[in-house]
Amino acid sequence: MAAGGRPYVPVPVRIAVTGFNAVGGVMLALALAALGVLLSGLQVDPVAQGGTGYLDFVLFFNAVLFLSPLAAVLVFLGLRIKRGEHWAWLASLVFWGFAGTMMPLLTWLLDAPTSFGLVPVLCAGTLLGLLLTPQARIHCAEPDDE
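Counting starts from 1 at the beginning of each chain's written sequence and moves along it residue by residue. Per-residue local features are limited, in this predicted model, to residues with pLDDT of at least 70; the limit for side-chain atom pairs, both in listing and counting, is 80 or more; totals at the level of whole chains, interfaces and linings are taken over all residues. Side-chain measures were taken over the full set of non-hydrogen atoms in the model, leaving aside hydrogen atoms and water.

Peer 1: How would you summarise the packing of aromatic side chains if you had to cite specific residues and measurements?
Peer 2: Two rings from Phe, Tyr or Trp (for Trp, the six-membered ring) form a pair when their centres are within 6.5 Å of each other. A pair whose planes differ by under 30 degrees is stacked, one over 60 is edge-to-face, and the rest are tilted. All told, the structure shown has three aromatic pairs when counted by the stated rule. Measuring from ring centre to ring centre gives 5.6 Å for F20 and W96, while their planes differ by 70°; the resulting arrangement is edge-to-face. Here F20 is found in helix α1 (residues 11-39), whereas its partner W96 is found in helix α4 (residues 86-109), with 76 residues between them in sequence. Each residue's exposure class comes from its accessible area (1.4 Å probe, protein chains only) as a fraction of the maximum for that residue type: buried when under 20%, exposed when over 50%, partly exposed otherwise. On the accessibility criterion, W96 (4% relative accessible area) is buried. Ring plane angle 80° and centroid distance 4.8 Å describe the contact between F95 and W96, whose orientation is recorded as edge-to-face. Among the aromatic residues, those joined into a ring-pair cluster are F20, F95 and W96. Secondary structure is summarised from DSSP: a helix means a run of H or I of at least four residues, a strand means a run of E of at least two, and numbering begins at the N terminus for each.

Below is the structure:
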């Protein structure tokens, strides 16, 4: 325990939790923007877009809406990691490993710009690196492992 009765949280864990909150905030902002676009009542002519543009437009913004629950999960995991819970640490490792491998694959499959795959990989790699530091591993170790 640190002074004031608060448990000590190592610096790598604090930085990782800040990263979780930042990524969650960006994802929530994107989801709210998508909701605004979908609720704005845009008048789009699918025929003028070649027939599929409108469907792609709606599907894209509907997919972005699914980011809001994921943003909440990230903030929740960050809080639980800050408390030192082992299950949250493991779940975060799985999440960031999955995100770090899937985003480049999706970028390649959808023929998106390279930065769309590179930025999430850099974020995932940085957060994985912070969570795998010895201080974070000790902080999030199971009570039996100490």
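Peer 1: Outline the nonpolar core, supporting the account with residue identities and numerical values.
Peer 2: Core analysis: the biggest nonpolar cluster contains 24 residues, and V13, F20, L74, I81, W96, L127 and L131 have the highest contact counts within it. Mapped by element, the contributors of at least two residues to this core are α1, α3 (67-82), α4 and α5 (114-131). The residues touching V13, leaving out its near neighbours within four places in the chain, are I81, K82, A136 and H139. Note on terminology: a nonpolar core comprises buried Ala, Val, Leu, Ile, Met, Phe, Trp, Tyr and Cys residues joined through side-chain atoms within 4.5 Å. Only heavy atoms matter for contacts: two residues are in contact if any of them lie within 4.5 Å across the pair.

Peer 1: Can you explain the packing of α4 against α5? Please cite residues and give values.
Peer 2: The convention used is that axes are lines fitted to C-alpha atoms, helices contributing only their stretch in contact, and that angles between N-to-C directions extend from 0 to 180 degrees. Following both chains from N to C, one finds α4 and α5 inclined at 160°, their axes separated by 8 Å at the closest point. If you check the angle between α4 and α5, you find them roughly antiparallel. Where α4 crosses over α5, the two elements pack in a sense that is left-handed. Facing W89, S92, L93, W96, G97, G100, M103, P104 and T107 of α4, the residues of α5 in contact are T114, F116, G117, P120, V121, A124, L127, L128 and L131. Residues are grouped as follows: Ala, Val, Leu, Ile, Met, Phe, Trp, Tyr, Cys and Pro are nonpolar; Asp, Glu, Lys and Arg are charged; all remaining types, including Gly, are polar. Split into classes, the residues belonging to the contact of α4 with α5 amount to twelve nonpolar, six polar and no charged. Geometric relationships in this document are graded by angle, where less than 35 degrees denotes roughly parallel, more than 145 denotes roughly antiparallel, 65 to 115 denotes roughly perpendicular, and other angles denote oblique. We call a crossing left-handed when the near helix sits turned anticlockwise from the far one by less than a right angle, and right-handed when that turn is clockwise.

Peer 1: Quick one: what's the story with the packing of α1 against α3, residue by residue and with numbers?
Peer 2: Packing of α1 against α3 brings their axes to within 8 Å, and their N-to-C directions diverge by 165°. By the criterion of interaxial angle, the relationship of α1 to α3 is roughly antiparallel. The two elements α1 and α3 meet at a crossing, and its hand is left-handed. Judged by residue contacts, V13, V17, F20, N21, V23, G24, M27, L28, L30 and A31 of α1 engage L67, S68, L70, A71, L74, V75, L77, G78, I81 and K82 from α3. Residues belonging to the contact of α1 with α3 are distributed by class as follows: 15 nonpolar, four polar and one charged.

Peer 1: Describe α1, listing the residues and the values that go with them.
Peer 2: Expected helix span is computed as 1.5 Å times (number of residues minus one). With 29 residues, α1 extends 42 Å between its outermost C-alpha atoms, agreeing within 8% with the 42 Å of an ideal straight helix rising 1.5 Å per residue. Those residues of α1 that fall on the buried side of the exposure criterion are P12, V13, A16, V17, G19, F20, V23, G24, M27, A31 and A34.

Peer 1: Run through a nonpolar patch on the surface, naming residues and quoting values.
Peer 2: Patch construction takes residues with relative accessible area above 30% that form no salt bridge. Like charges are linked within 9 Å, and nonpolar side chains (Val, Leu, Ile, Met, Phe, Trp, Tyr) are linked within 5 Å. Here, Shrake-Rupley sampling with a 1.4 Å probe gives the accessible areas, and only protein chains in the shown set may cover a residue. Take a side-chain nitrogen of Lys or Arg and a carboxyl oxygen of Asp or Glu: if they are within 4 Å of each other, that pair is a salt bridge. On the surface, L105, L106, W108, L109 and L110 cluster together into a nonpolar patch covering about 570 Å² of accessible area. Take L106: its relative accessible area is 37%, and that puts it in the partly exposed class.

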